[in-house]
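# Fold and geometry: a report
The lines below spell out each chain.
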Amino acid sequence: MSVALPDAAAAEVRQAAAQAQPNIALIKYWGKRDIALNLPVVGSLSITLDSLWTRTSVRFDVALDQDEFRLNGRRDDAQLRRVAKCLDLLRARAGTQVRARVESHNNFPTGAGLASSASGFAALIVAGNAALDLDLSLAEQSILARRCSGSAARSIFGGFVEWTCGACEDGSDSFATPMLDASAWPLRVVVAITSKKEKAIGSTEGMNRTAETSPYQRAWVDGQEADLAIARAAVQARDFEKLADISEHSCLKMHALALAAQPGLLYWNAATMDCMHRVRALRASGLPVFFTIDAGPQVKAVCEPQAAAAVAAAMRDVPGVLDVVETGLGGAARLIEINELAAA
Ligand code: 2P0
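Residues numbered from 1 in each chain as written. Predicted model: local features only at pLDDT ≥ 70, side-chain atom pairs only at ≥ 80, totals over all residues. Heavy atoms only, no water.

Helices and strands together make up the secondary structure of the chain, namely nine helices and 16 strands. For 344 residues, the compact-globule estimate of 2.2 N^0.38 gives 20 Å, and the chain sits close to it at 20 Å. Considering only C-alpha atoms, the chain reaches an extent of 85 × 40 × 40 Å along its principal axes. For the chain, the residues scored as buried account for 55% of the 344 residues in total. Between the centroid of the 35 positive side chains of the chain and the centroid of its 38 negative side chains there is a distance of 3 Å. (Helix = DSSP H or I, 4+ residues; strand = E, 2+ residues; numbered from the N terminus. Rg over C-alpha atoms; globule rule 2.2 N^0.38 Å. Buried < 20%, exposed > 50% of the residue type's maximum accessible area, 1.4 Å probe, protein only. Lys, Arg positive; Asp, Glu negative; His and termini not counted. Charge placed at Lys NZ, Arg CZ, Asp CG, Glu CD.)

Quick look at the structure:
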């Protein structure tokens, strides 16, 4: 006589933890061609950082009757819906309904233009893939991370990364791939923090408003392939000047596009602007440095390693700069031990 075993008897609790780093786009993603599948209207190219990180544990537990999310040790119900949607994607792949407890730690400000959603969702997908034994390829992990937050697709990988726009309606060809290891061109990034407030208009809302109302949307989409081609060639040739020119162009073009939305999206403050002028002055004086800015007021000054100390000192000197964080380029998202999270 056979005895029916309880479903997945050995798996009442399944857990794993992962770390991912934010990435900074040099050729920007801005705009979606499919909101439900989170498909971009353009490809993008980024660098993954090393000393800023999100560490996330996920614990699927049959004893839970709902998902739970804690950020930096505190219950965060505001973000729970987005986290639960990400868990739903993982559960659908695993064919399970089991609820989960997610704990995340960021060692940098959340939601202030430092790409916390990129590192956060990349870490959750990598941890969830391991906890549920999904055995997803890196491309599939990148696709799932993309569904949660577009830029998270790129934080699955380290170094220089390209996220392909793709053409398929189901999004199966829109994922990131690594271009060049961090060690092959170890640029430094000096982040000038000019505000620690959460931004008023998040990226998702900002880019949707831009697509609906900005008169420059068509020009933005039409110009992106050429920008990507220049940036790819600059990375392959380690041509700093070329990468600097095209990156500042992409950044300023994205902000010009967003500024022209209705109502206009103004992510900068006075210190942001002063930092841009300071970076331009440093570059004019011969230092290899350029700026890039995302959907927030922080300025990321990207430089050759020998310029980092002077760039950091110059950023600290700008009135209104609250803090300066210096980081190198880092590796891919990876599994960590659960107790490494507790040590965060
Ligand atoms: C980027 N940003 O390429 C661009 C440049 C901000 C400015 O990707 O709606 O949080 O979740 O896909 O990824 C920030 O947007 O937006 C972003 P969703 P996401 O890094």
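What follows covers the pairing of strand 6 (residues 54–61). Of all eight residues in strand 6, seven are buried; the element is thus mostly enclosed. Where strand 1 (residues 13–20) and strand 6 come together, eight bridges link them in antiparallel fashion. Each residue of the ladder has a partner; that of R14, found in strand 6, is F60. By the bridge criterion, seven bridges tie strand 6 to strand 9 (residues 100–106) in an arrangement that is antiparallel. Within strand 9, the position partnered with V58 by the bridge is V102. (Pairing = 2+ DSSP bridges.)

Per-residue confidence for the chain gives a mean pLDDT of 94; residues scoring 70 or more make up 94%. Note on residues 1–6: pLDDT under 50 across the span, and zero contacts to partners over four residues away in sequence or across chains. (pLDDT = per-residue confidence, 0-100. Contact = heavy atoms within 4.5 Å.)

Applying the stated criterion across every chain, the model contains four aromatic pairs. Both rings, one in F160 and one in W185, keep their centres 5.6 Å apart while their planes meet at 15 degrees; by these two values the pair is stacked. Placement of F160 in strand 10 (residues 160–163) and of W185 in the loop between strand 11 (176–180) and strand 12 (188–193) is noted, with a sequence separation of 25 residues between them. Taken individually, F160 and W185 each receive the classification buried, so the pair is uniform in this respect. Look at F240 and F290: their rings are 5.5 Å apart centre to centre, the planes differ by 50 degrees, and that puts the pair in the tilted class. On the criterion of sequence distance, the pair formed by F240 in helix 6 (residues 240–259) and F290 in strand 13 (residues 289–292) is long-range, its members being 50 residues apart. Sitting over the face of the ring of W53, R55 holds its NZ or CZ atom 3.9 Å from the ring centroid. (Phe/Tyr/Trp six-rings, centres within 6.5 Å; stacked < 30°, edge-to-face > 60°. Lys NZ or Arg CZ within 6 Å of the ring centre and 35° of its normal.)

Moving on, we get to the sheet that holds strand 12. Read across the sheet, four strands follow the order 13-14-12-15 without closing on themselves; strand pairing throughout is antiparallel. Of all the strands in the sheet, just strand 13 and strand 15 (323–328) have a single pairing partner and so form its edges. The mean angle between the axes of side-by-side strands here comes to 25 degrees, regardless of whether they run parallel or antiparallel. Summarising the sheet, strand 12 and strand 15 pair through six bridges and their orientation is antiparallel. Each bridged residue has a counterpart across the sheet, and for V191 the counterpart in strand 15 is V325. On top of the sheet, helix 6 reaches strand 13 and strand 14 (299–303); it is set at about 20 degrees to strand 13, its chief contact. Here helix 8 (residues 308–316) sits on the sheet and contacts strand 12, strand 13, strand 14 and strand 15; the angle it forms with strand 12, its principal contact strand, is near 5 degrees. (Axes fitted to C-alpha atoms, helices over the stretch in contact; angles between N-to-C directions.)

Right, let's talk about the site of the ligand for a bit. Around the ligand there are 18 residues in total, and Y29, K32, G150, S151 and T204 lie nearest to it. The side chain of K32 places a nitrogen or oxygen atom 2.5 Å from an oxygen atom of the ligand. Within the contact set of the ligand, an oxygen atom lies 3.0 Å away from a side-chain nitrogen or oxygen of R82. Taken by itself the ligand offers 460 Å² of open surface, and the protein chains cover 93% of this. Per-class residue counts for the shell around the ligand are six nonpolar, seven polar and five charged. The residues that make up the shell around the ligand include at least three from each of domain 1 (12–184 + 338–342) and domain 2 (188–328). (Near = heavy atom within 4 Å. Polar contact = N/O pair within 3.5 Å; in protein donor to acceptor, adjacent residues only side chain to side chain. Areas by Shrake-Rupley, 256 points an atom, 1.4 Å probe, with all protein chains shown as cover. Nonpolar A, V, L, I, M, F, W, Y, C, P; charged D, E, K, R; others polar. Domains from an automatic or database assignment.)

For the rest of this paragraph, the subject is the sheet that holds strand 6. One open sheet holds the six strands; their spatial order is 8-7-9-6-1-16, and the pairing between them is mixed. The strands lining the two open edges of the sheet, one partner per strand, are strand 8 (74–75) and strand 16 (334–336). Examined bridge by bridge, strand 7 (residues 68–71) and strand 8 share two bridges and lie antiparallel to one another. Bridged to R70 within strand 8 is R75. The strands that helix 2 (residues 116–131) touches are strand 1, strand 6, strand 9 and strand 16; relative to strand 6, the one it contacts most, it runs at about 40 degrees.

With that out of the way, let us pick up the nonpolar core. It is characteristic of soluble globular proteins that their nonpolar side chains tend to be buried jointly. The biggest cluster of nonpolar side chains holds 72 residues, and the ones touching the most others in it are W30, V58, L87, L124, V311 and M315. In terms of residues, this core owes the most to one element, helix 2, which gives eight residues. Two domains each put at least three residues into this core: domain 1 (12–184 + 338–342) and domain 2 (188–328). Discounting chain neighbours no more than four positions away, the residues touching V311 are V190, L282, L287, V289, A301 and C303. With 29 residues, the next largest nonpolar core counts L180, L187, V191 and L243 among its residues. (Core = buried A, V, L, I, M, F, W, Y, C linked by side-chain atoms within 4.5 Å.)

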